[in-house]
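A structural walkthrough
In case you want the letters, here they are:
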Amino acid sequence: MRFSLLLPILELALWIALVPTELARIYFNGPPGQFQLSPPVHGFLPFVLKWVPMTYSRMIIAVNLPAMLADAVISLPTGQPGKWHPPAISLDNWRSFVFPFYCLPAWWFAGCGLDALLGKRRLPRSFLWIGLILFVLFLVFLIGYLTAPLRDQADLRWLLPGFWLWTILFAFLPLNWLREWHTR
């Protein structure tokens with residue numbers, strides 16, 4: 001199977017395994033931990049979506065880090081780029097619902113780079129340029145994070161696996177360029 005199809009399918013399978021499963025667990029077993037507020041009997045799910053952070057929301061956001069760009073563009077008309085979410089759902093929970101879908105093109109794109117590298121196929125020049133730009137962008141973010149003082153790194157430590165993942169995935173596209181150049 002091609003990685004350009006496999007990566008998006010695996011990402012959606014991970015999302016299905018985590019998010020709907022956790023919502024069902026919360027709905028049937030009640031929210032984890034103690035609450036100062038008691039959830040209403042009618043409207044339990046909206047209460048949970050707004051006030052109970054899902055266990056895997058940060059992991060889902062980190063794994064789908066390129067979705068931040070799509071989120072900013074989509075929410076631009078609201079005047080809150082990257083921050084808009086429905087009032088009935090917390091920002092992290094909203095992102096864990098939509099980021100996997102916003103990020104599908106990035107998963108496909110990275111899969112195309114891996115397919116081309118392993119299959120020794122040629123990619124269009126536009127793919128190589130976009131891939132190079134994305135690779136450099138994520139590399140700059142990663143280096144910026146790693147060279148920041150420790151006290152500044154603390155709040156964003158949970159994003160570090162996502163920075164590593166996408167730096168590596170986007171590196172496949174420039175590697176194709178180097179392979180092509182080397183074979184000439």
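This write-up is about the structure you can find in this document. (Residues numbered from 1 in each chain as written. Predicted model: local features only at pLDDT ≥ 70, side-chain atom pairs only at ≥ 80, totals over all residues. Heavy atoms only, no water.)

Observations concerning the nonpolar core
One broad rule of soluble globular proteins: the nonpolar side chains tend to lie buried together. Membership of the largest hydrophobic core comes to 41 residues, with the highest contact counts inside it found for Val19, Phe97, Trp166 and Phe170. Mapped by element, the contributors of at least two residues to this core are helix H1 (3–29), helix H3 (57–63), helix H5 (91–102), helix H6 (104–119), helix H7 (125–147) and helix H9 (160–183). With eight residues, H9 is the single largest residue contributor to this core. (Core = buried A, V, L, I, M, F, W, Y, C linked by side-chain atoms within 4.5 Å. Buried < 20%, exposed > 50% of the residue type's maximum accessible area, 1.4 Å probe, protein only. Helix = DSSP H or I, 4+ residues; strand = E, 2+ residues; numbered from the N terminus.)

Quick notes on the packing of helix H4 (residues 67–74) against H5
Relative orientation of the contacting elements H4 and H5 amounts to 105°, with a least axis distance of 9 Å. Judged by the inter-axis angle, H4 sits roughly perpendicular to H5. Of the residues in H5, those touching H4 at Ala67, Met68, Ala70, Asp71 and Ile74 are Arg95, Phe99 and Tyr102. The class makeup of the residues in the contact of H4 with H5 is six nonpolar, no polar and two charged. (Axes fitted to C-alpha atoms, helices over the stretch in contact; angles between N-to-C directions. Parallel < 35°, antiparallel > 145°, perpendicular 65-115°, else oblique. Contact = heavy atoms within 4.5 Å. Nonpolar A, V, L, I, M, F, W, Y, C, P; charged D, E, K, R; others polar.)

Notes on a nonpolar patch on the surface
A cluster of nonpolar side chains, contributed by Met1, Leu5 and Ile9, occupies part of the molecular surface with about 340 Å² of accessible area. Relative to the elements of secondary structure, Leu5 occurs in helix H1. (Patch = residues over 30% accessible without salt bridge, like charges linked within 9 Å, V, L, I, M, F, W, Y side chains within 5 Å. Areas by Shrake-Rupley, 256 points an atom, 1.4 Å probe, with all protein chains shown as cover. Salt bridge = Lys/Arg side-chain N within 4 Å of Asp/Glu carboxyl O.)

So, empty space enclosed by the protein
Overall, the coordinates contain one cavity of 30 Å³ or more when judged by the stated rule. The calculated volume of the largest cavity comes to roughly 40 Å³. Going through the elements one at a time, H1 and H3 are the ones with two or more residues in the lining of the largest cavity. Taken together, the residues of the lining of the largest cavity break down into six nonpolar, one polar and one charged. (1 Å grid on protein atoms, 1.4 Å probe; cavity = no way out; pocket = protein on both sides within 12 Å on 5 of 7 lines; lining within 4 Å. Points joined across faces, edges and corners; volume = space filled by probe spheres on them.)

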